[in-house]
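Each chain, letter by letter, is given below.
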Amino acid sequence: MANMNLYSRGDRIFVWMNMFLVGVFTLSTLYPFIYIAAISLSTGFEARAGNVVLTPVDLTFAAYEYVVAQPEFWRSYLNTFIYTIGGTLMSLAFIIPGAYALSRPRLYGRRFWNLMVAFTMWFNAGLIPFFLNMRDLGLLDSYFGIIIGFAVNGFNVILMRNFFEGIPSSFEEAARMDGANEFQVLWKVYVPLAKPAIATIALFCIVSRWNGFFWAMVLLQDQQKVPLQVYLRHTIATLSDDQEFSDTLFTQAYSVETVTAAIIVCSIIPVLLIYPFLQKYFNKGIMLGGVKE
Amino acid sequence: MTDSAGHKSRFEQPSRVERIVDTLKRDWQLYLMLAPLVIWLLLFLYKPMYGLQVAFKDYSIFRGVANSPWIGFEHFETLFGNDQFLRALRNTVIISFWTLLIGFPVPILLALMFNEIINHTFKKWTQTIVYLPHFISSVIIAGIVITAFSPSAGIVNTVIGWFGFEPVYFLTRAEWFRPIFIGTGIWQEAGFQSIVYLAAIAGVSPTLYESAVVDGASRWQMMWKITIPSIMPTIIIMLIIRIGNILEVSFEMIILLYQPATYETADVVNTFIYRQGIQAGQYDFAAAAGLFNAVIAFVLVISANALSRRYSNTSLW
């Protein structure tokens, strides 16, 4: 398919038309991010006046200076790291051994255990019973509650199980001949072989933890414990009503819009840093696990 | 009956209990690995299902789930006499319907378009970029939407101004909520959802295309006659999944974008449950709304699956 000259004229028009449309879609995906970055680097006055379209007007870092001077910003940033790292490790600790056991054909009651996982993908009790349960377990307003309460996701377990099932049993047999127990088989043979699948699931966990908002908002009352997303939401919602803030507005180079944009940029940056490294895995990971069955 | 080596004869089947004891002895390590997962599921997903009974109870925090008195279907009766609930139900169906109608074909179209790109670098870069919004939190997306649609500073009103129109307070206008919400959803997820179809396209046998080339087919014809029919099963499966989730409007985004002025068109069942239950503390009443939602969703997915199995031989189970 490499040689364009092989194509008829109609094919060439089709190919170029197609590239053009994909290009337009891609630019429309990219533009809002560029726009927000430009707002965050403009002065409050220019942003307010609607003069920012593509590039910063009257370049200034004032909004960033305001953001990094807020202790709550750093506190919530740190909290997000705690929830992301703790939550992802917790998820892997539950999912990897569990999925390995589920993938072994000799596991007694295997159909039942698998059904137990799959059922949660189709039916869950919903908001209120989940909330009441967290409260009854004493997990409101606690770091641990957020970390453990969302550790397992049925889809991730099935993805991991399917991957383990795809590994030829000769690997396990060889390791067992050498006297390895189940834990050694999993840790020394299966985990190294399953790296792409583990990376995929880790990526899903990291992303959902980093972005987690609703339950953090509902379960955490203590503002010292809230993650970045809740802080961001709170800031967007209250900044424009903040009397102190609007009083300083006319003497400062920042505004509600530029500060909001600056916090948005700050919270996207870590995602952008980690994204290229893990992106190469998830295409493969989804094809491996998702389409099967 | 035992033979000389002490083994039971094959005519004497071990009892169920003995089999379980044997397998426990042999595979105790596997069960040890499985146990945390099963305990987690029981504690965090199955125990709340038991707690669903509050939908049929006059729930009191002090008495707890088990000891609160039963009241039957009273909450459900109240629910169907509640204008706000009926409005939320109607909004859920309308938003889901349009999201499905407009949002479902877009990722398929995108996947087909990506598949027709020959330039490898261009393909890689565009794909990487359109997946990106999926990984950005709804709070940030909502922040971007609020900024972009703001009446004074927003780019949308700036552009409208270029054409000589008055600025519109989009997010306070009920008639604008749905287009903005649905458009945002497509913008955010269409790219990432195309992965599934790209995976399906990757699985199409190359020999089909080779023989089509020999027959002189154009790229357009190959797309219509080979690619689309080949990924039809995937399309149908995704459609079943989407129909099953039709009442699961992504309420996080709605909570972030709506305000009392737009409840008229924006309030859905899940946001209604959030306000009635968690904010107002009417747990039992809100749980009833949640149960109604879940049962309808369950029925929808089972019916969609059954219809698909009958008419297209493709199904989820």
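So, how was this worked out
Here the residue numbering is sequential within each chain, running from 1 through the sequence in written order. By the order in which they are written, chains take letters starting at A while ligands take numbers starting at 1. Two thresholds apply to this predicted model, a pLDDT of at least 70 for residue-level local features and 80 or more for giving and counting side-chain atom pairs, whereas whole-chain, interface and lining totals are computed over all residues. Working from all heavy atoms in the structure, the side-chain values ignore hydrogens and water. UniProt positions are given in the numbering used here, feature names are shortened, and annotations may be inferred rather than shown by experiment. Working definition: helices are DSSP H or I runs of at least four residues, strands are E runs of at least two. Numbering for both runs from the N terminus. Residue contacts follow a heavy-atom distance rule, with two residues in contact if any of their heavy atoms lie within 4.5 Å. Values labelled buried area give the accessible surface lost by two parts on being combined, using a 1.4 Å probe and summing over both. Think of a salt bridge as a Lys or Arg side-chain nitrogen and an Asp or Glu carboxyl oxygen that are within 4 Å of each other. By definition, no residue in a patch forms a salt bridge, and every one has over 30% relative accessible area; like charges are joined within 9 Å, nonpolar side chains (Val, Leu, Ile, Met, Phe, Trp, Tyr) within 5 Å. Using the Shrake-Rupley algorithm and a 1.4 Å probe, accessible areas are obtained, with residue cover drawn only from the displayed protein chains. We call a residue buried when its accessible area falls under 20% of the maximum for its residue type, exposed when it is over 50%, and partly exposed in between, using a 1.4 Å probe and counting protein chains only. In this text, buried Ala, Val, Leu, Ile, Met, Phe, Trp, Tyr and Cys residues form a nonpolar core when linked through side-chain atoms within 4.5 Å. Helices are assigned an expected span. That span is 1.5 Å times one less than the residue count. Polar contact is the term for a pair of N or O atoms within 3.5 Å; when the atoms are in protein, one must be able to donate a hydrogen and the other to accept it, and sequence-neighboring residues count only if both atoms are side-chain atoms. Each residue gets a pLDDT score, which is the predictor's confidence in that residue and runs from 0 to 100. Think of it this way: a Phe, Tyr or Trp ring, Trp meaning its six-membered ring, pairs with another when their centres are within 6.5 Å, and the plane angle makes it stacked under 30 degrees, edge-to-face over 60, tilted otherwise. We count a charge as sitting over a ring when the NZ of a lysine or the CZ of an arginine lies within 6 Å of the ring centre and within 35 degrees of the ring normal. Here a cavity means grid points, on a 1 Å grid over the protein atoms only, where a 1.4 Å probe fits yet cannot get out; a pocket means an open set of points with protein on both sides within 12 Å along at least five of seven lines; lining residues are those with an atom within 4 Å of a point. Grid points are joined across faces, edges and corners, and a volume is the space filled by probe spheres set on the points. Ten residue types, Ala, Val, Leu, Ile, Met, Phe, Trp, Tyr, Cys and Pro, are classed as nonpolar, four, Asp, Glu, Lys and Arg, as charged, and the remainder, Gly among them, as polar.

Attention now moves to the UniProt feature "transmembrane region" (unreviewed entry) in chain B. Residues and elements named next belong to chain B. According to UniProt, the "transmembrane region" (unreviewed entry) feature falls on residues 28-46, 93-114, 135-163, 195-214, 226-247 and 285-307. Annotated as residues 28-46, this span is 100% helix and 0% strand, and its ends, taken at the C-alpha atoms, are 24 Å apart. For residues 285-307, the end-to-end C-alpha separation is 33 Å, with 100% helix and 0% strand making up the annotated structure.

What follows is about the UniProt feature "transmembrane region" (unreviewed entry) in chain A. Residues and elements named next belong to chain A. In this numbering, the UniProt entry assigns the feature "transmembrane region" (unreviewed entry) to residues 13-37, 81-100, 112-131, 143-164, 185-210 and 259-278. Within the segment residues 13-37, helix and strand shares are 100% and 0% respectively, and the terminal C-alpha atoms sit 36 Å apart. Between the C-alpha atoms that bound residues 81-100 the distance is 28 Å, and the span itself is 100% helix and 0% strand.

Moving on: the interface of chain A and chain B. At the interface, 95 residues of chain A touch 89 residues of chain B. In total, about 8800 Å² of surface goes out of reach between chain A and chain B, with carbon and sulfur atoms giving 78% of it. Here chain A and chain B share one salt bridge between them. Between R106 of chain A and D27 of chain B there is a salt bridge; the shortest N-O distance is 3.3 Å.

This next bit is on a nonpolar patch on the surface. All names here are of chain A. Together, I13, M17, F20, L21 and V24 give the surface a local cluster of nonpolar side chains, amounting to about 480 Å² of exposed area. Looking at the element boundaries, F20 is found in helix 1 (residues 9-40). Residue classification places F20 among the exposed positions, given a relative accessible area of 52%.

Let us now look at the nonpolar core. Core analysis: the largest hydrophobic core is formed by 189 residues, its most contacted members being L127, I128, M160, F164 and F214 of chain A together with W40 and L41 of chain B. Among the elements that line this core, the one with the most residues is helix 9 (residues 174-202) of chain B, at 13 residues. Apart from the residues lying within four places of it in its own chain, the contact partners of I128 of chain A are I273, G277, I278, Y283, A286 and A287 of chain B. Among the nonpolar cores identified, the runner-up in size contains five residues, and Y209, A212, M222 and I226 of chain B belong to it.

For an α-helix, 3.6 residues make a turn, and residues three or four places apart therefore share a direction. All names here are of chain A. The end-to-end C-alpha distance of helix 8 (residues 154-166), which contains 13 residues, comes to 18 Å, matching closely the 18 Å that a straight helix rising 1.5 Å per residue would cover. For helix 8, a buried count of ten out of 13 residues is recorded, marking the element as mostly surrounded by other parts of the structure. Those residues of helix 8 that fall on the buried side of the exposure criterion are G154, N156, V157, I158, L159, M160, R161, N162, F163 and F164. By the N-cap criterion, in which a side-chain oxygen at the helix start approaches the backbone nitrogen of a residue two or three places on, helix 8 is capped by N153, the distance to F155 being 2.8 Å.

Turning to the confidence of the model for chain A, a few remarks are in order. When pLDDT is averaged along chain A, the result is 87; 89% of the residues meet or exceed 70. Within the model, the stretch residues 289-293 of chain A combines pLDDT values under 50 with nine contacts to residues more than four positions away or in other chains.

For any two aromatic rings, the description comes down to two numbers: the centre-to-centre distance and the angle of the planes. The tally for this structure, following the rule as stated, stands at 46 aromatic pairs over all chains. Where F123 of chain A meets F298 of chain B, the ring centres are 5.6 Å apart and the plane angle is 80 degrees; that geometry is what we call edge-to-face. A residue pair is termed interchain when its members come from two chains, as with F123 of chain A in the loop between helix 5 (110-122) and helix 6 (127-136) and F298 of chain B in helix 15 (residues 283-312). The buried category is assigned to F123 of chain A, whose relative accessible area is 14%. Residue F298 of chain B is classed as partly exposed on the basis of its relative accessible area of 28%. The interplanar angle of 35 degrees and the centroid separation of 6.1 Å between the aromatic rings of F150 of chain A and W215 of chain A together place this pair among those described as tilted. Placement of the pair is F150 of chain A in the loop between helix 7 (143-149) and helix 8 and W215 of chain A in helix 12 (residues 214-219), with a sequence separation of 65 residues. Its relative accessible area of 28% is what places F150 of chain A among the partly exposed residues. Three or more aromatic residues joined by ring pairs make a cluster, and in this case those are F73, W74, Y77, F81, W210 and Y231 of chain A. Sitting over the ring of W70 of chain B, K57 of chain B keeps its end group 4.5 Å from the ring centre. In this structure, R275 of chain B packs its charged tip against the face of Y263 of chain B, placed 4.3 Å from the ring centre.

Next up on the list: the UniProt feature "domain: ABC transmembrane type-1" (unreviewed entry) in chain B. The UniProt feature table records "domain: ABC transmembrane type-1" (unreviewed entry) at residues 89-304 of chain B. End C-alpha atoms of residues 89-304 of chain B are separated by 20 Å, and the span's content is 76% helix alongside 0% strand.

Scanning the model with the defined rule gives 16 salt bridges over all chains in all. Here D136 of chain A ties to R135 of chain A by a salt bridge, and the two come within 3.7 Å at their closest N and O atoms. The salt bridge involving E264 of chain B is made with R87 of chain B; its shortest N-O contact spans 3.7 Å. Here E264 of chain B, found in helix 13 (residues 263-266), pairs with R87 of chain B, found in helix 4 (residues 83-103); they are 177 residues apart in sequence, far enough to count as distant.

Time to look at empty space enclosed by the protein. A full pass over the atoms with the stated rule returns one cavity of 30 Å³ or more. As a volume, the largest cavity reaches approximately 30 Å³. In terms of lining residues, the largest cavity is bounded by R233 and I236 of chain A together with V139, A142, G143, I146 and L256 of chain B. Taken together, the elements giving at least two residues each to the lining of the largest cavity come down to helix 13 (228-239) of chain A together with helix 7 (138-148) of chain B. Of all the elements, helix 7 of chain B adds the most residues to the lining of the largest cavity, at four residues. Partitioning the lining of the largest cavity into residue classes produces five nonpolar, one polar and one charged.

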